Each structure stands twice: as C-alpha cells, then as structure tokens.
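# Topology and contacts: notes
Here is what each chain is made of, one letter per residue.
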Amino acid sequence: INTDGVDSAHWRVAATWKQCRDELGVPWESFCGTVAYMIGSVMFNVGCFFGVPYFAVFLDPSSVWLNKVVMVSTMNIGGGVLFWLGGACEVRLNDRSPELRGDTLVWWISWMNCYGGFLFFVGALGDAAADDGSEWYRHQLEVWLETTPYLVGSVLYLCSSALELWLWKSEKFGLAMLNTVSMWHTVGPRPKTGGKVGARQFFILLVTILTATAAVMILSVSFVRWSLLRGAWAGSRLLLSSSISMIEMLAFFLLFSFLHTTPRSKPLAGLMLLARVWIVLRLVSELTSYIFLDTMLEAEGVVLRTHWTGFVN
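Residues numbered from 1 in each chain as written. Predicted model: local features only at pLDDT ≥ 70, side-chain atom pairs only at ≥ 80, totals over all residues. Heavy atoms only, no water.

## Side note on the pattern of salt bridges
For the structure on display, the rule yields three salt bridges. Here Glu29 ties to Arg92 by a salt bridge, and the two come within 3.0 Å at their closest N and O atoms. Of the two residues, Glu29 is situated in helix H2 (residues 28-51) and Arg92 in helix H4 (residues 64-94); the sequence distance between them amounts to 63 residues. Residue Glu29 is classed as buried on the basis of its relative accessible area, which comes to 1%. With a closest N to O distance of 2.9 Å, Glu248 and Arg282 form a salt bridge. Residue Glu248 is found in helix H9 (residues 236-257), and its partner Arg282 is found in helix H10 (residues 266-291); the two are separated by 34 residues along the sequence. (Salt bridge = Lys/Arg side-chain N within 4 Å of Asp/Glu carboxyl O. Helix = DSSP H or I, 4+ residues; strand = E, 2+ residues; numbered from the N terminus. Buried < 20%, exposed > 50% of the residue type's maximum accessible area, 1.4 Å probe, protein only.)

## Considering the packing of helix H5 (residues 105-129) against helix H6 (residues 135-169)
The geometry of H5 relative to H6 is characterised by a closest axis approach of 7 Å and an angle of 155 degrees between their N-to-C directions. By the angle between their axes, H5 is roughly antiparallel relative to H6. Where H5 crosses over H6, the handedness of that crossing is left-handed. Looking at the contact of H5 with H6 residue by residue, the classes come out as 23 nonpolar, eight polar and three charged. (Axes fitted to C-alpha atoms, helices over the stretch in contact; angles between N-to-C directions. Parallel < 35°, antiparallel > 145°, perpendicular 65-115°, else oblique. Left-handed = near helix turned anticlockwise from the far one by under 90°. Nonpolar A, V, L, I, M, F, W, Y, C, P; charged D, E, K, R; others polar.)

## A closer look at the nonpolar core
Listed in full, the twelve residues of the largest apolar core are Leu165, Phe202, Ile204, Leu205, Val207, Met249, Phe252, Phe256, Met272, Ala275, Ile279 and Leu283. For this core, the elements supplying multiple residues, two or more each, are helix H8 (199-228), H9 and H10. Discounting chain neighbours no more than four positions away, the residues touching Met249 are Thr208, Thr211, Ala212, Ile279 and Arg282. Counting residues in each nonpolar core, the second largest holds eight residues, with Phe44, Ala124, Tyr157 and Met177 among its members. (Core = buried A, V, L, I, M, F, W, Y, C linked by side-chain atoms within 4.5 Å. Contact = heavy atoms within 4.5 Å.)

In structure tokens form, the structure reads like this:
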C-alpha cells in the first residue's frame with residue numbers, strides 16, 4: 001500500500017487495524033467481510049473434504065455423529081453463514097448511495113455475492129436435513145433444498161466472479177470488498193499499461209475458467225466413485241486427464257491474465273489463436289466427459305474387473 005502518494009517510494013506491505021482505519025480509511029466492513037470469506041472458505045472446504053468417503057475413513061468410523069454432523073454438516077452450514085455475512089458486508093459497503101443503486105458493477109457484485117452466500121447456507125441446511133425421513137422425503141429435500149440452492153448460488157457466484165475479473169483486468173484491484181485499494185491505486189497520474197481490456201481476451205479467460213471448473217468437477221466425481229469402490233481404480237484415465245487439464249488451464253489463465261489485448265506481431269498472434277482453439281477444444285472435451293461420466297466409469301470398471309478376473313484365473 002502506497003501510504004504517501006504515487007510519487008513517494010514509501011510503501012507499506014502490512015498495516016495494523018488503527019493504521020488502516022485512520023491513515024488509509026479502510027472501513028470496518030472490508031475487514032469483517034474479508035475475514036468472514038476467509039474463515040468460511042476454510043470451513044466449507046473442510047466439510048467437502050470429509051464428505052468424500054475416502055477421506056472420511058480418517059475419522060472415527062463408529063461415530064456417525066462426528067463424521068456427518070460435526071465435520072460435514074456443521075462445517076458446511078458455518079461456511080454458508082460466513083459467505084452470507086461476507087456478502088452482506090459488501091452490500092453495506094457499496095450500497096450507501098441510493099442514487100447509485102444498480103449503476104455500478106460493485107453494486108451488482110455485492111448483491112449477487114450476498115444472495116449466493118445465503119443460498120449456500122440453505123443448501124447446507126438441506127443437506128443436513130436430508131439424512132432423516134422416508135426416501136421420497138429425502139429426495140425432495142435433496143432436490144429443492146440442497147441441489148437447487150447450490151446450483152443457483154454457484155451461478156450467482158460465477159456471474160459476480162466474471163464481473164470482478166473485469167474489474168481486476170481494468171486495474172481496479174480492490175474489487176467490491178476493498179474498493180479503497182482501487183481509489184489509492186488510481187490517485188494521481190498513471191502510465192498506460194496496455195489500454196482497454198480486449199473483449200476477446202476477456203472471453204477466452206472466461207472459457208479457461210469454465211474449462212478448469214469442468215475438469216475439477218470430473219476430478220471430484222471420479223475420485224468419489226473411486227473411493228466408493230474401495231480401491232478399484234475405475235476412472236484412472238479420467239483422473240489423469242482432468243489433472244492435466246487443470247494444469248493446462250492454470251498456465252493459460254496466468255498467460256491471458258497478464259495480456260489485455262492480443263499482440264499484433266505475427267508469431268505471437270498465431271500462438272494466441274492456437275491457444276484459443278486449444279482451450280475451446282478442451283472445454284468441449286471436458287463437458288463431454290462430464291455428461292457421459294457415469295457411462296465411462298462403468299465401462300472402465302467392467303474392463304478392469306474383466307482384466308483382473310482373467311489375471312486371477
């Protein structure tokens with residue numbers, strides 16, 4: 001943080017609460033929301049981690065209450081509450097001027113994050129409540145109070161993240177939660193760093209994120225299937241392919257993140273075009289694999305069982 005102006009060489013890497021509040025003017029909502037998101041992310045990931053049967057064996061197998069209630073349901077519900085709190089802090093931070101409501105990106109981002117956090121909280125409650133009752137009752141809870149809230153909340157987070165990515169590419173690095181950072185960064189004269197964000201570059205960046213998301217979903221489902229089969233390595237090729245896709249998309253994401261527009265020189269322009277085509281093909285491949293995931297896993301499981309049966313005989 002440049003605390004003395006653009007032309008000064010005095011930079012502060014870290015600051016106390018008093019310095020941020022008094023010298024830099026950081027509102028308490030930014031602190032509260034940032035901490036809520038950080039702790040909520042840790043809690044929600046712990047719940048997802050121990051929700052996978054393979055990792056659940058590290059807990060006490062005789063204690064269903066410890067496995068499901070404490071390490072999964074409580075963690076997910078707590079994470080959802082903190083996501084909701086973080087979004088509420090963003091709303092309070094960016095909804096102070098009634099005449100500007102609906103006119104700024106941060107206003108839309110804040111409300112989408114707030115509703116997304118609330119829906120993740122509802123989804124976690126639905127998951128916890130779907131363990132009891134008849135089969136029809138559990139199915140209805142899973143559809144309407146677990147799957148649907150998680151799906152709609154994920155779509156809201158996807159849209160808000162795309163808008164925040166646009167802010168970041170526009171060098172407004174404070175985004176919606178730390179908008180004072182954007183104010184500090186834009187004080188005084190600034191050198192040009194590449195002009196406006198290119199629409200094609202931004203689009204391919206979104207495609208890269210979608211491809212990585214599909215790869216993570218395939219990786220997660222394949223791993224869960226493998227853990228349920230107690231060590232039968234059905235889906236090994238999908239696991240390897242999805243891991244490679246994740247690494248590829250991370251590399252492309254870093255590349256396109258630093259480029260606002262496509263280079264005009266022929267060798268680089270050709271490489272960028274080839275990279276775009278490759279990313280789109282990867283997205284089609286990952287989506288196809290996800291759609292036919294169960295069929296592919298079942299077929300590979302049959303092949304593996306046949307192979308090992310013949311080997312044993």
